[in-house]
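This is what each chain is made of:
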Amino acid sequence: MDQRHRLYNTYVKLLAFDLLSLTQTPSHSFSEAISFSRKGTLLSRIETVGTVTYRELKPGKFLKFAIDDGTGCISCVLWLNHFSSTYFARRSPPDVRLIAEAANRFVAEIRLGSVARVRGRITNYRGVVQITVSDVIVERDPNAETLHWLHCISLARKCYDVGTPNK
């Protein structure tokens, strides 16, 4: 396997400053997404933990919110248009219904000031890196953010930066 792709479909734990400093490479065609890399390694998915500092709900469309982990703020979008989106039209209706129900539960849980663990795809909207959310867990453990920081530092040293050129 090409070393550049070794973490591509893995939920990589990153702090906001790492996510916001990813290298963005525009695609050569309109249909392909922008690619993101960290020190030469391509990334597509992220997991992060932080405090919800912004929340904007457009019912039936999306929930935009921001996560602050102390190193920066990450924009997040949770899509709520599962039944009207062409993206979900090719999936089976029971699967779409389950995804929509989960998204609606996430909307109810994401509150200003709560500490949340967010997982999703790394995307770009109007030149800004964001997370297109696939999963949210509101943390009850007061140490969750600190533990996430420690995991990020450890993984960067032992896994993410191993064998990659410094770019």
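None of the values given here were measured: they were computed from a predicted structure.

### Focus: the overall build of the chain
What the chain contains, in helices and strands, is 4 helices and 9 strands. Counting from the amino terminus, helix and strand elements in the chain follow one another as β-α-β-β-β-β-β-β-α-α-β-β-α. For a compact globule of 167 residues, the expected C-alpha radius of gyration is about 15 Å, and the chain comes in at 16 Å, within 12% of that figure. In terms of principal-axis extent, the alpha carbons of the chain reach across some 45 × 45 × 30 Å. Out of the 167 residues belonging to the chain, those deemed buried represent 40%. Within the chain, contacts between residues separated by at least 24 positions form 61% of all contacts whose residues are at least 6 apart in sequence. Looking at the chain as shown, the accessible area adds up to about 9800 Å², and 55% of this sits on carbon and sulfur atoms. Charged side chains of the chain number 23 positive and 15 negative; the gap between the two group centres comes to 4 Å.

### Observations regarding the sheet that holds strand S2 (residues 23-25)
With antiparallel pairing, 3 strands are arranged side by side in an open sheet as S2-S3-S4. At either margin of the open sheet sits one strand with a lone partner, and together these are S2 and strand S4 (41-43). Ignoring which end each strand starts from, the neighbouring axes of this sheet average 40° apart. Note that strand S3 (residues 35-38) and S4 share 3 bridges and pair antiparallel.

### Remarks on the packing of aromatic side chains
Pairs of aromatic rings are described using the distance from one ring centre to the other and the angle between the two planes. Tallied over the full model, the rule gives 1 aromatic pair. Here the aromatic rings of phenylalanine 62 and tryptophan 79 are separated by 5.8 Å at their centres, their planes lie at 75°, and the arrangement is edge-to-face. You can see phenylalanine 62 sitting in strand S6 (residues 62-68) and its partner tryptophan 79 sitting in strand S7 (residues 73-79), a full 17 residues away along the chain. The exposure class of tryptophan 79 is partly exposed, given its relative accessible area of 38%.

### Thoughts on the pairing of strand S5 (residues 45-58)
As paired strands, strand S1 (residues 11-13) and S5 are joined by 3 bridges and run parallel to one another. Within the sheet, the bridge partner assigned to lysine 13 lies in S5 and is glutamate 47. As judged from the 7 bridges shared by S5 and strand S8 (residues 115-125), these two strands associate in the antiparallel manner. Directly across from threonine 48, in S8, lies its bridge partner valine 118. Here S5 runs beside S6; their pairing, made up of 7 bridges, is antiparallel. Of the residues in S6, the one forming a bridge with threonine 51 is aspartate 68.

### Side note on the pattern of salt bridges
Inspection of every chain in the model, using the stated rule, returns 8 salt bridges. In this structure, arginine 38 engages aspartate 161 in a salt bridge whose closest nitrogen and oxygen atoms are separated by 2.4 Å. In this pair, arginine 38 is assigned in strand S3 and aspartate 161 in the segment after helix H4 (144-160), connecting sequence segments 123 residues apart. On the basis of relative accessible area, arginine 38 is assigned to the buried category, the value being 12%. Salt bridges linked by common partners bring Lys13, Glu47, Arg117, Arg119 and Glu139 together as one network.

### Things to note about the environment of valine 128
Within the fold, valine 128 resides in strand S9 (residues 128-138). Between the C-alpha atom of valine 128 and that of isoleucine 46, which follows or precedes it by 82 residues, the distance is 15 Å.

Basis of the calculations
- Residues numbered from 1 in each chain as written.
- Predicted model: local features only at pLDDT ≥ 70, side-chain atom pairs only at ≥ 80, totals over all residues.
- Heavy atoms only, no water.
- Helix = DSSP H or I, 4+ residues; strand = E, 2+ residues; numbered from the N terminus.
- Rg over C-alpha atoms; globule rule 2.2 N^0.38 Å.
- Buried < 20%, exposed > 50% of the residue type's maximum accessible area, 1.4 Å probe, protein only.
- Contact = heavy atoms within 4.5 Å.
- Areas by Shrake-Rupley, 256 points an atom, 1.4 Å probe, with all protein chains shown as cover.
- Lys, Arg positive; Asp, Glu negative; His and termini not counted.
- Charge placed at Lys NZ, Arg CZ, Asp CG, Glu CD.
- Pairing = 2+ DSSP bridges.
- Axes fitted to C-alpha atoms, helices over the stretch in contact; angles between N-to-C directions.
- Phe/Tyr/Trp six-rings, centres within 6.5 Å; stacked < 30°, edge-to-face > 60°.
- Salt bridge = Lys/Arg side-chain N within 4 Å of Asp/Glu carboxyl O.

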